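A structural walkthrough
Spelled out, the chains give:
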Amino acid sequence: MSQLKQMSHNDNSAPSTPGKFKIEKSPYFNRTRWHSSLAKLTLWSFAFLAVILIFFLRSPSSSASLPTDPSRRSLRTYNWGGSAWEKRVRSSARVRSRNGMTVLVTGAAGFVGTHVASALKRRGDGVLGLDSFNDYYDPSLKRARQALLERTGVYIVEGDINDEALLRKLFEVVPFTHVMHLAAQAGVRYAMENPGSYVHSNIAGFVNLLEVCKSLNPQPAIVWASSSSVYGLNTKVPFSERDRTDQPASLYAATKKAGEEIAHTYNHIYGLSLTGLRFFTVYGPWGRPDMAYFFFTKDILKGKPIPVFEAANHGTVARDFTYIDDIVRGCLGALDTAEKSTGSGGKKKGPAQLRVFNLGNTSPVPVSELVSILERLLKVKAKRNIMRLPRNGDVQFTHANISYAQRELGYKPTTDLQTGLKKFVRWYLNYYSGGKKAVE
Ligand SMILES: NC(=O)c1ccc[n+]([C@@H]2O[C@H](COP(=O)([O-])OP(=O)(O)OC[C@H]3O[C@@H](n4cnc5c(N)ncnc54)[C@H](O)[C@@H]3O)[C@@H](O)[C@H]2O)c1
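Residues numbered from 1 in each chain as written. Predicted model: local features only at pLDDT ≥ 70, side-chain atom pairs only at ≥ 80, totals over all residues.

Peptide bonds are trans in most cases, and residues, glycine excluded, mostly fall at negative phi. Put simply, Asn 217 and Pro 218 share a cis peptide bond, and its omega is 0 degrees. Note on placement: Pro 218 falls in the loop between helix 7 (195–214) and strand 5 (221–227). Here the residue pair Val 237 and Pro 238 is connected by a cis peptide bond, since its omega of -10 degrees sits within 30 degrees of zero. Relative to the assigned elements, Pro 238 resides in the loop between strand 5 and helix 8 (251–270). Phi is positive for Asn 99, which is not a glycine, with a value near 60 degrees. By the secondary structure assignment, Asn 99 is in the loop between helix 3 (83–92) and strand 1 (102–106). (Helix = DSSP H or I, 4+ residues; strand = E, 2+ residues; numbered from the N terminus.)

Put into structure tokens, the structure is as follows:
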């Protein structure tokens, strides 16, 4: 009875949290309460854990979803995995020519990636694309390139090169012999706005790709895009691969230079075969809207003024504009001459190939001349806004010495700026004519 009294008393004054139980006043009652609360707590904990477990097991990329992996925190959730997906991946990567290679093309929805992927497919190689479809520029253009590639039989997996589980899965489904690595955060001026995106894609993403490749057996050979921007403030022209590249003028250039050093490390430690290609201002159909030739065309047609830069003392700003088809031939030449990696499963077995090539046109054209060509092709006079070249990444002059690529890759650019721009303008007018159909 006294116990009952005690119980009711304690019931009324029961604290709301277990930690506040006054055990010394009523040992019997408090122990019972404590046990029942503990049982409830355990039950709820199990229920909570079960819900989390079910959530991860149901996720299509469950193997990729380890919540403790910090590298995944910044990744969007992409939908990949499953037998239908694997079938699509395999079919896209199927080789259709004798001695063909199987190539994983990263950045395949990008300007250069689309052209390289379709050229490889056309000659019978097995090709699979990978792209994050980020919104650095209009993603609808990337989707249109994706549709174009789909028609040639190339599937682009939507995902980030930082996603280690996805990369491992791709190599498990298809043992790629080569990687054509073009995924990157491009653009020089955007680095002041979003520096993190350059570190994410050009450094962390590249390292992640190399980490996966080094651990494979066999390891693939890797050809990847560096940039002419690594020459930075170098004034010796034409730029040769032996010139200094330790004065980058932008964060973009610095991340590409870092990529070259990182490539050296993975070649040295793990025996990965690595070829870096320093592209010089690539232009052409399906190009990048953030590049001058592209937005000049758009703004000239709209009657908007365009900024035409000049250096100090009215110095000429010029670029070694290189037509996309020439770049594609250089990329294929690099893939064809890439030797096998020598390591396996993370262990080096012998020295491996390490190369860096300039891929340019060897004939720089002043930007003012680029504008004049566009005026003639568009039959519209441009409103030129002559401005001093800002010191935010752009350099005054680029000019490639391509003799090394000529010798080793058989690289020989054949398209001059007038001819190449004519093809670009034809594509542009067609694509943006409303029907969104391309000429090619
Ligand atoms: N176009 C040029 O003039 C030029 C010059 C020098 C170097 N490059 C280099 O050539 C390569 C291709 O350039 P582009 O002009 O085709 O650029 P692009 O921006 O059109 O293509 C790059 C593609 O990579 C994708 N991407 C970016 N980060 C990614 C990530 N983390 N994971 C997966 N995909 C990602 C983007 O969505 C994009 O579709 C880049 O490495 C670029 O730095 C280009």
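Another point: the site of the ligand. Near the ligand, the surroundings consist of 28 residues, among which Gly 107, Gly 110, Phe 111, Ala 184 and Ala 225 are the closest. Secondary structure elements with two or more residues in the shell around the ligand: helix 4 (111–122), helix 7 and strand 5. Of the residues assigned to the shell around the ligand, the class counts are 12 nonpolar, 12 polar and four charged. (Near = placed C-beta within 6 Å. Nonpolar A, V, L, I, M, F, W, Y, C, P; charged D, E, K, R; others polar.)

Bringing the packing of helix 11 (residues 367–378) against helix 13 (residues 417–431) into the picture now. Relative to each other, helix 11 and helix 13 sit at 50 degrees, their axes nearing to 10 Å. By the angle between their axes, helix 11 is oblique relative to helix 13. Crossing hand, helix 11 versus helix 13: right-handed. Where helix 11 approaches helix 13, its residues Leu 370, Ile 373, Leu 374, Leu 377 and Leu 378 are matched on the opposing element by Leu 417, Gln 418, Leu 421, Lys 422 and Val 425. Class assignment for the residues of the contact of helix 11 with helix 13 results in eight nonpolar, one polar and one charged. (Axes fitted to C-alpha atoms, helices over the stretch in contact; angles between N-to-C directions. Parallel < 35°, antiparallel > 145°, perpendicular 65-115°, else oblique. Left-handed = near helix turned anticlockwise from the far one by under 90°. Contact = placed C-beta atoms within 7 Å.)

Judged by nonpolar contacts, the single largest core of 98 residues is most densely connected at Val 103, Val 105, Val 116, Met 180, Val 223, Cys 331 and Leu 335. Once residues within four sequence positions are removed from consideration, Leu 335 is found in contact with Met 101, Val 103, His 178, Met 180 and Val 223. (Core = buried A, V, L, I, M, F, W, Y, C linked by C-beta atoms within 7 Å. Buried ≥ 20, exposed ≤ 12 C-beta atoms within 10 Å, placed from the backbone.)

So, about the confidence of the model for the chain. Scored by pLDDT, the chain comes out at a mean of 87, with 81% of its residues at no less than 70. For the stretch residues 55–73, pLDDT sits under 50, and the model shows 18 contacts to residues farther than four places along the chain or on other chains. Between residues 435–440, whose pLDDT stays under 50, and residues either more than four places distant or in other chains, the model counts 12 contacts. (pLDDT = per-residue confidence, 0-100.)

Ordered by their spatial adjacency, seven strands build an open sheet running 3-2-1-4-5-6-11, and the pairing between neighbours is parallel. Only two strands of the sheet have a single partner each, and these edge strands are strand 3 (155–158) and strand 11 (354–359). Direction aside, neighbouring strands of the sheet carry axes that sit 20 degrees apart on average. In this sheet, strand 2 (residues 126–131) lies alongside strand 1 in parallel orientation, the contact comprising five bridges. When the sheet's bridge partners are listed, Thr 102 is paired in strand 2 with Gly 126. Contacting strand 1, strand 2, strand 4 (178–181) and strand 5, helix 4 runs over the sheet at an angle of about 165 degrees to strand 2. Of the strands in this sheet, strand 1, strand 4, strand 5, strand 6 (274–279) and strand 11 are in contact with helix 10 (residues 324–337), which crosses strand 6 at around 165 degrees. (Pairing = 2+ DSSP bridges.)

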